[in-house]
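Breakdown of the fold
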Amino acid sequence: MSFHHSACPHDCPSTCALEVEKLDARTIGRVRGARDNSYTAGVICSKVTRYAERIHHPARLMTPLKRRGARGGEFMPISWDAALDEVAEAFLRAEQRHGAEAVWPYFYAGTMGLVMRDGINRLRHAKRYSGQHSTICTTLAWNGYVAGTGRLAGVDPREMAESDVIVIWGTNAAATQINVMSHAVGARQQRGTQLVVIDTYRNATAKQADLFLCVKPGTDGALACAVMHVLFRDGHADWDYLDRYTDCPRELEAHLASRTPAWAEAICGVPVAQIEQFARLVGTKPRTFFRLGYGFARQRNGSVNMHAAASIAAVTGAWRHRGGGTFFNNGAIYHWNRTLIDGLDVRDPSVRLLDQSRIGAVLTNDAQALSGGPPVTAMLIQNTNPMSVAPDLNTVHRGFAREDLFVCVHEQFMTETAKVADIVLPATMFLEHDDLYQSGGQQHIHFGPRIIEPPGECRSNHEVICALAKRVGAEHRGFDMSARDIVDWTLRESGWGSVEELESRHWIDAQPSFEEAHFIHGFGHADKRYHFAADWQAPAPAAFGPTGGASAMPSLPDHWDVIENATDDQPFRLVTAPARQFLNSTFTETPTSRRRESRPTVMLHPDDARALGIEDGAKVELSNSRGRVRLHAELFEGLQRGVLVSESIWPNAAFEDGIGINALTGADPGAPTGGAAFHDNRVRITAR
């Protein structure tokens, strides 16, 4: 029995440093946070502390399977060689009939390990299979943040210990980024730091706030503009900073003259008094840390909202101060050479990109979604469960029902997507293979070594990609290397030393200096200034924006009213927020998580419930033009009237009609470069 260092692989910005108890060659015991890692500091979420429950789950896939009979029906065991041969034959057949773009490797963030997540791109590029525009999570928020700063980086999150005010905006950190809360609570205890939370409902994070601002979904930009209006009006704008570091502060001040707190209240529902209180707080305490979250990526106007919220710190000059400024994601600090991981040296930029979020439209042969190219007739799916997590779920289900579509799913459990596959391959979990991790929500690089042997016949993503490459004639040196060798090459070529050095140190603290993190020598744009005037034409590929796209977006911070506003027929706005015990569709298979979440519910305000004759716990139906879902009502005062919140993602089978909450969410792309608006849906609710 011994403890080994690793890193949490799941789709969470924290990327916690772990200590994993190894009981024998195939068994783990306790999982705990690494106490000597300065960000994790011994704190991890309850889901991961129970990881033995998941990795040793009796329902794990152990052997390759082949569909027998109708899609979604029975499977029979098959050997690895036979399974891989069938997949390769299907891919080659699709290529012969329609060209290489008929094959679509599809993946996302079931693991955040760079080799196991992104190595599928090496096969894609070597064979010129259809590309993937990854829009299902981050795109809208990234574009909004970078429109201001010019770089996807920001203040060291450990500086929260020196903040006078911490603003957590657009993320339920207590459920999805526990370390943010541990650092914020530590600052409150040590120096009396005040915590402000801005979200669409009084969630677990909001319940710990000194000030909670409850906004209507998709209206954060209006709130941010009103706050900046007050800052200019009341003399809290740092004009020395604005003149030195920003592009057009006087134009912004004039633009915001009409964006009063009363104007914002009519849009976002936050009372004028609260807007004034919040503005006064950040205006008088420039050592304010804005922790902006992925909630901004869930709205059609999310890029504009993120840009507006991020702009507040530039108006106050918070960036000047240790413990002040803004943080969203640290993706730009790692400067990876990803040639071996992704196969960038064989990438053909002329190959079409298919929008990941529009998988339903792609698989139902929508000509626009297919970019005018051939139909997708073969897929390899790793690290994601689109039959549950993708938007516009009814269309997705219709697409996967096609008998002319060949699907291979490489998975750990028999997910909804695995159930509609032709071939299912058993996958390793993170403690059963080597991989490299970077932290989005902090600043560490981790090596995750293979600690235990895989159960049954499970193979890693890298092994599957390399085996398929040989069968379909794909050539790249990365296919002849081990995962550890690719990690080592990537580290060395990126300036981070060797894998042996990283393994011995456990992690690398990659945090840039204060001057770089706070943009003291200038922001990431060519003129070195923070941009209040956003150039929405700059990101690419612009083709993935909606009609009008970037040209229709407001340049200066504003409320951009392109959300799905309520109507007389569909008078409620639905937010599909993350559940505390699940992580997307991961952990929905573990008994403790299922028991603690109980059942799918929808929160609604008691006054709305009374008007509709709905009692607490009653069965209700949510519906819109995309679909309908039945679940149970939960009366809750911690949201605005006209807003519904369903914490998800439950498996489809947990719902009475066998279809999950994403039957109600849209897949139309948000500007400027696409992105799914999971929290931006109008619906009706009726008693059942």
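Rules of the game
Residues numbered from 1 in each chain as written. Predicted model: local features only at pLDDT ≥ 70, side-chain atom pairs only at ≥ 80, totals over all residues. Heavy atoms only, no water. Helix = DSSP H or I, 4+ residues; strand = E, 2+ residues; numbered from the N terminus. Rg over C-alpha atoms; globule rule 2.2 N^0.38 Å. Buried < 20%, exposed > 50% of the residue type's maximum accessible area, 1.4 Å probe, protein only. Contact = heavy atoms within 4.5 Å. Lys, Arg positive; Asp, Glu negative; His and termini not counted. Charge placed at Lys NZ, Arg CZ, Asp CG, Glu CD. Polar contact = N/O pair within 3.5 Å; in protein donor to acceptor, adjacent residues only side chain to side chain. Salt bridge = Lys/Arg side-chain N within 4 Å of Asp/Glu carboxyl O. Axes fitted to C-alpha atoms, helices over the stretch in contact; angles between N-to-C directions. Parallel < 35°, antiparallel > 145°, perpendicular 65-115°, else oblique. Left-handed = near helix turned anticlockwise from the far one by under 90°. Nonpolar A, V, L, I, M, F, W, Y, C, P; charged D, E, K, R; others polar. Phe/Tyr/Trp six-rings, centres within 6.5 Å; stacked < 30°, edge-to-face > 60°. Lys NZ or Arg CZ within 6 Å of the ring centre and 35° of its normal. Pairing = 2+ DSSP bridges.

Structural notes on the overall build of the chain
- Helices and strands together make up the secondary structure of the chain, namely 25 helices and 25 strands.
- In terms of overall dimensions, the chain is globule-like: its C-alpha atoms have a radius of gyration of 24 Å, near the 26 Å expected for 688 residues.
- Classification of the 688 residues of the chain by burial places 64% in the buried group.
- For the chain, the share of sequence-separated contacts (at least 6 apart) that also reach a separation of at least 24 residues comes to 75%.
- Charge centroids of the chain, computed over 71 positive and 79 negative side chains, lie 2 Å from each other.

Digging into the environment of Lys-619
- As for its position among the elements, Lys-619 is in strand S22 (residues 619–623).
- In the structure, Lys-619 is positioned 154 residues away from Ile-465 in sequence and 45 Å away in space, judged by C-alpha atoms.
- Aside from chain neighbours lying at most four places away, what touches Lys-619 is Leu-631, His-632, Glu-656, Ala-687 and Arg-688.
- A polar contact is formed between the side chain of Lys-619 and the side chain of Glu-656, at a distance of 2.6 Å.

Here we look at the pattern of salt bridges
- All chains considered together, the criterion is met by 50 salt bridges.
- We note a salt bridge from Asp-118 to Arg-338, for which the minimum N-O separation is 2.5 Å. One end of the pair, Asp-118, is in helix H4 (residues 114–118); the other, Arg-338, is in the loop between strand S12 (325–327) and helix H15 (339–342), with 220 residues separating them in the sequence.
- For Asp-118, a relative accessible area of 4% translates into the label buried.
- Connected through shared salt-bridge partners, Arg-300, Glu-564, Arg-573, Arg-626, Asp-668 and Asp-680 make up one network.

Some remarks on the packing of helix H5 (residues 120–127) against helix H20 (residues 461–472)
- Two elements in contact, H5 and H20, have axes whose closest approach is 9 Å; the angle formed by their N-to-C orientations is 15°. Between H5 and H20, the angle is such that the two are roughly parallel. Handedness of the H5/H20 crossing: right-handed. Facing H5, whose interface residues are Ile-120, Arg-122, Leu-123 and Lys-127, H20 presents His-462, Ile-465, Cys-466, Ala-469 and Val-472.
- Here the residues of the contact of H5 with H20 sort into six nonpolar, one polar and two charged.

Considerations on the packing of aromatic side chains
- Within this structure, the stated rule accounts for 17 aromatic pairs.
- Where Tyr-241 meets Tyr-245, the ring centres are 4.5 Å apart and the plane angle is 20°; that geometry is what we call stacked. Residue Tyr-241 and its partner Tyr-245 are both found in helix H10 (residues 239–245); the two are separated by four residues, about one turn of the helix. With respect to class, Tyr-241 is no different from Tyr-245; both count as buried.
- Centre to centre, the rings of Tyr-294 and Phe-328 are 4.9 Å apart; their planes meet at 50°, and the pair counts as tilted. Here Phe-328 lies in the loop between S12 and H15 and Tyr-294 lies in the loop between strand S11 (288–292) and helix H14 (302–316), a separation of 34 residues in the sequence. For the pair formed by Tyr-294 and Phe-328, the shared burial category is buried.
- Through a chain of ring-to-ring contacts, three or more aromatic side chains come together here, namely Trp-319, Phe-519, Phe-523, Tyr-530 and Phe-532.
- Its end group placed over the ring of Trp-263, Arg-259 keeps NZ or CZ at 5.7 Å from the ring centre.

Observations concerning the sheet that holds S11
- Taken in spatial order, the five strands make up an open sheet running S10-S9-S8-S11-S12, and their pairing is parallel. Looking at which strands have only one partner, the edges of the open sheet turn out to be strand S10 (211–214) and S12. Here the strands of the sheet are splayed against their neighbours by 15° on average, with no regard to which way each runs.
- Relative to strand S9 (residues 194–199), strand S8 (residues 165–169) is paired through five bridges, and the arrangement is parallel. In the sheet register, Ile-168 faces S9, and the bridge partner there is Val-197.

Points about the sheet that holds strand S5 (residues 74–77)
- Taken together, the six strands give an open sheet; going across it, the order is S5-S4-S16-S15-S14-S6, and neighbouring strands pair in mixed fashion. Every other strand in the sheet has two partners, leaving S5 and strand S6 (103–107) as the edge strands with one partner each. On average, each strand axis in the sheet is tilted by 20° relative to the strand beside it, whichever way the strands run.
- Sheet topology places strand S4 (residues 65–68) next to strand S16 (residues 423–426); two bridges connect them, and they run antiparallel. Across the sheet, Leu-65 pairs through a bridge with Val-424, a residue of S16.
- Here H20 sits on the sheet and contacts strand S14 (378–382), strand S15 (406–411) and S16; the angle it forms with S14, its principal contact strand, is near 155°.

Description of unusual backbone geometry
- That bond from Ala-671 to Pro-672 is cis: its omega, 10°, falls within 30 degrees of zero.
- Residue position: Pro-672 is located in the loop between strand S24 (643–645) and strand S25 (681–687).
- The residue Thr-15 is not glycine, and still its phi comes out positive at about 40°.
- Turning to its location among the elements, Thr-15 is positioned in the loop between strand S1 (2–7) and strand S2 (17–24).
- Exposure remark for Thr-15: the relative accessible area of 7% places this residue in the buried category.
- Of note, the phi angle at Phe-519 is positive, near 55°, even though the residue is not glycine.
- Positionally, Phe-519 belongs in the loop between helix H23 (514–517) and strand S20 (572–575).
- We classify Phe-519 as buried; its relative accessible area is 3%.

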